[in-house]
Amino acid sequence: MSKVGVLFIGALGYIATTVVAGSLALRKSLCKRTGMVTDLDIFSGLRLIEPDDIVFGGWDIRPGSPLESASTFFRNNQMLDPGIVSGIEDELNALSVNFFPGTARSCGRTIERMAEKSASGECTLRALVDKLRHDINSFRNNNRLKDVLVFNLSSTEPPLNLQHCHTELSAFEDLIGNNRCEAVRASTLYAYAAILERCPYINFTPSNAALIPALIKLAEEKDVPVMGDDGKTGETLVKSALIPMFRYRNLEVLSWEGFNILGNMDGRVLDDPENRESKILTKEQVIGNILGYAPHSKVHINYVPSLDDQKTAWNFIHFKGFLGTKMSLQFIWQGYDSILAAPLVLDLIRLMELAKRRGESGIMHHLASFFKAPLGVNEYRLSEQFRMLTNYLNQVNKT
Ligand SMILES: NC(=O)c1ccc[n+]([C@@H]2O[C@H](COP(=O)([O-])OP(=O)(O)OC[C@H]3O[C@@H](n4cnc5c(N)ncnc54)[C@H](O)[C@@H]3O)[C@@H](O)[C@H]2O)c1
């Protein structure tokens, strides 16, 4: 079987680096599949692709190499086994040929500031899309790939104010032709290029500019599977498992306050209120959607540089029971963000490749459990979202 390519947007970031290092380590049996959902028994027999079948590449707007990124990640987060990087050094070096300079066009001040000057260049939107399509085709041809998937793991952009030109495909194509830079963000251009090249596209970030309604229509037309938004890896994962308990016991939630501290580059970008707004919008959807009413609730996100990839989320839940008695529940989630995210990225690669092979197109509703704000899905309870996935697997097994 010829191989499948995966192009990461944000290829030098922590999550992309952890996915690549983890896959190379899996190939050499240097680690286990703990944390990968698709390693559960129910996925056996589906002929999902293996780490050996995947060629990685991608775009970034900062200089660097996969080996430098992996070394930085392992140095800054010393819980990881440094033997893993030395065991995969040659393979990491070899990947550099599949890396392309990305675009930071209309990404907002914080991302544009950290980009190389050339990434915010002057060329037209049409020329940028053509360049990204050219990169995808070079990657496909140079590595003789059967298929290419594009995975958005770039920094969170400020929200895009969606209008008519983002809903209708012809209006969207006009705005590209008319070079209306203020009406797109970089993630829109990557998604457009990917779907035109018939590449499954996954938006693991909260950036709402990536899978705008016009591009979802284009994906349906071109038989391309797409899914997003914002990977569900930590605090929101716990919430989507816990909130139904209050509903099933008829306990009234009065307030749900979430305080997050994190220190990596994602945290630095989210320290800008413009970018943070995107993350808060995806995080805040879950409570009201599951409870059916909106208690007082706020998500706070603070940047604490010394933590690097360690994330701590403290949640305080104030609720009312029989005889109007007020009580509370608190939990603290402590995790390494990229270690939680990377196995899910591998799961999504495997399941999106399966969807493409099966000729599926448009939004992949059955993948809702992987996302904080699942596109096209109103079900936010983790258990029910998981049921959607198992129902899908039953269908696949029957055909
Ligand atoms: N870690 C988690 O648990 C988790 C969960 C859900 C969502 N996310 C989201 O995933 C994304 C990646 O997280 P991370 O921790 O790897 O962040 P990171 O800051 O380590 O990596 C982001 C990378 O994207 C690059 N980049 C920024 N804009 C770009 C562009 N326009 N084109 C190409 N590259 C670009 C940056 O240079 C950087 O290398 C973030 O948006 C984050 O909010 C993370």
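Just above sits the structure.
Throughout what follows, the structure given in this document is the object of discussion. Everything numeric in this text was worked out from a predicted model, so none of it was measured.

1. A look at the sheet that holds strand E10 (residues 326–336)
Spatially, the four strands line up as an open sheet ordered E8-E7-E9-E10, and their pairing is mixed. Here the strands that pair on one side only, and so sit at the sheet edges, are strand E8 (296–303) and E10. Here the strands of the sheet are splayed against their neighbours by 10° on average, with no regard to which way each runs. As judged from the eleven bridges shared by strand E9 (residues 310–320) and E10, these two strands associate in the antiparallel manner. In the sheet register, Thr312 faces E10, and the bridge partner there is Gln334. This element, helix H9 (residues 235–248), spans strand E7 (252–262), E8, E9 and E10 of the sheet and lies at about 170° to E7. The sheet strands contacting helix H11 (residues 273–283) are E7 and E8, and the helix crosses E8 at an angle near 140°.

2. As for the sheet that holds strand E11 (residues 362–363)
Overall, parallel pairing links the seven strands, which are arranged E3-E2-E1-E4-E5-E6-E11 in an open sheet. Unpaired on one side and paired on the other, strand E3 (99–101) and E11 mark the two borders of the sheet. Both strand E2 (residues 54–60) and E3 contribute to a ladder of three bridges, which runs parallel. Within the sheet, the bridge partner assigned to Gly58 lies in E3 and is Phe99. Set on the sheet, helix H13 (residues 337–357) makes contact with strand E1 (4–9), E2, strand E4 (147–152), strand E5 (201–203) and strand E6 (225–227); between it and E4 the angle comes to about 140°.

3. Details of the pattern of salt bridges
Within the structure shown, the criterion is met by 20 salt bridges. Ionic pairing is found between Lys131 and Asp135, a salt bridge with its closest N-O pair at 2.6 Å. Placement of the pair is Lys131 and Asp135 together in helix H5 (residues 125–142), with a separation of four residues, close to one helical turn. Each of the salt bridges in this network shares a partner with another, and the network as a whole consists of Arg33, Glu50 and Arg350.

4. Comments concerning a nonpolar patch on the surface
A cluster of nonpolar side chains, namely Leu40, Ile42 and Phe386, defines an oily patch on the protein surface of about 240 Å² accessible area. When you line up the elements, Ile42 lands in the loop between helix H1 (14–27) and E2.

5. Some details on the layout of surface pockets
There is about 450 Å³ of room inside the largest pocket. Taken together, 21 residues form the lining of the largest pocket, with Gly22, Cys31, Lys32, Thr34 and Ile339 sitting closest to its centre. Elements that contribute at least two residues to the lining of the largest pocket include exactly H1, helix H2 (66–76) and H13. Looking at the lining of the largest pocket, the element that brings in the most residues is H1, giving six residues. Looking at the lining of the largest pocket residue by residue, the classes come out as 14 nonpolar, four polar and three charged. Computed from the structure, the second largest pocket encloses a volume of approximately 270 Å³. Taken together, 14 residues line the second largest pocket, and the ones lying closest to its centre are Gly35, Val37, Lys232, Leu237 and Leu344. Listed by contribution, the elements that provide at least two residues to the lining of the second largest pocket are H13 and helix H14 (382–398). Of the residues that constitute the lining of the second largest pocket, the class distribution is ten nonpolar, three polar and one charged.

6. Things to note about the site of the ligand
The environment of the ligand is formed by 32 residues, the closest being Asp60, Arg62, Thr103, Tyr190 and Thr233. Between the ligand and Gly10, the relevant distance is 3.4 Å, taken from a nitrogen atom to a main-chain nitrogen or oxygen of the residue. A distance of 2.8 Å separates an oxygen atom of the ligand from a polar atom in the backbone of Ile15. Here the ligand, which alone exposes 850 Å², has 99% of that area covered by the protein. At a threshold of 2 Å from the grid points, most atoms of the ligand map onto the largest cavity.

7. Observations regarding the side chain of Asp347
Along the chain, Asp347 turns up in helix H13. For the buried Asp347, which has no salt bridge, the nearest side chain bearing the opposite charge is Arg350, at an N-O separation of 5.3 Å. Side-chain polar atoms of Asp347 contact the side chain of Thr38, separated by 2.5 Å. With sequence-adjacent residues up to four places away left out, Asp347 is seen in contact with Gly35, Met36, Val37, Thr38 and Phe370.

8. A short note on unusual backbone geometry
Each neighbour pair has its own omega, and for Gly228 with Asp229 the value is -10°, a cis peptide bond. Within the secondary structure, Asp229 is located in the loop between E6 and H9. Positioned with a positive phi, Asp308 is a non-glycine residue whose angle comes to about 50°. Looking at where Asp308 falls in the secondary structure, it is placed in the loop between E8 and E9.

9. As for the pairing of E4
Most of E4 sits inside the fold, with six of its six residues counted as buried. What you see with E4 is no split at all: Asp147, Leu149 and Phe151 on one side and Val148, Val150 and Asn152 on the other are buried throughout. Alignment of E1 against E4, held across six bridges, turns out to be parallel. Note on E4: the bridge partner recorded for Val6 is Leu149.

Rules behind the numbers
- Residues numbered from 1 in each chain as written.
- Predicted model: local features only at pLDDT ≥ 70, side-chain atom pairs only at ≥ 80, totals over all residues.
- Heavy atoms only, no water.
- Pairing = 2+ DSSP bridges.
- Helix = DSSP H or I, 4+ residues; strand = E, 2+ residues; numbered from the N terminus.
- Axes fitted to C-alpha atoms, helices over the stretch in contact; angles between N-to-C directions.
- Contact = heavy atoms within 4.5 Å.
- Salt bridge = Lys/Arg side-chain N within 4 Å of Asp/Glu carboxyl O.
- Patch = residues over 30% accessible without salt bridge, like charges linked within 9 Å, V, L, I, M, F, W, Y side chains within 5 Å.
- Areas by Shrake-Rupley, 256 points an atom, 1.4 Å probe, with all protein chains shown as cover.
- 1 Å grid on protein atoms, 1.4 Å probe; cavity = no way out; pocket = protein on both sides within 12 Å on 5 of 7 lines; lining within 4 Å.
- Points joined across faces, edges and corners; volume = space filled by probe spheres on them.
- Nonpolar A, V, L, I, M, F, W, Y, C, P; charged D, E, K, R; others polar.
- Near = heavy atom within 4 Å.
- Polar contact = N/O pair within 3.5 Å; in protein donor to acceptor, adjacent residues only side chain to side chain.
- Sits in = over half its atoms within 2 Å of the grid points.
- Buried < 20%, exposed > 50% of the residue type's maximum accessible area, 1.4 Å probe, protein only.
- Lys, Arg positive; Asp, Glu negative; His and termini not counted.

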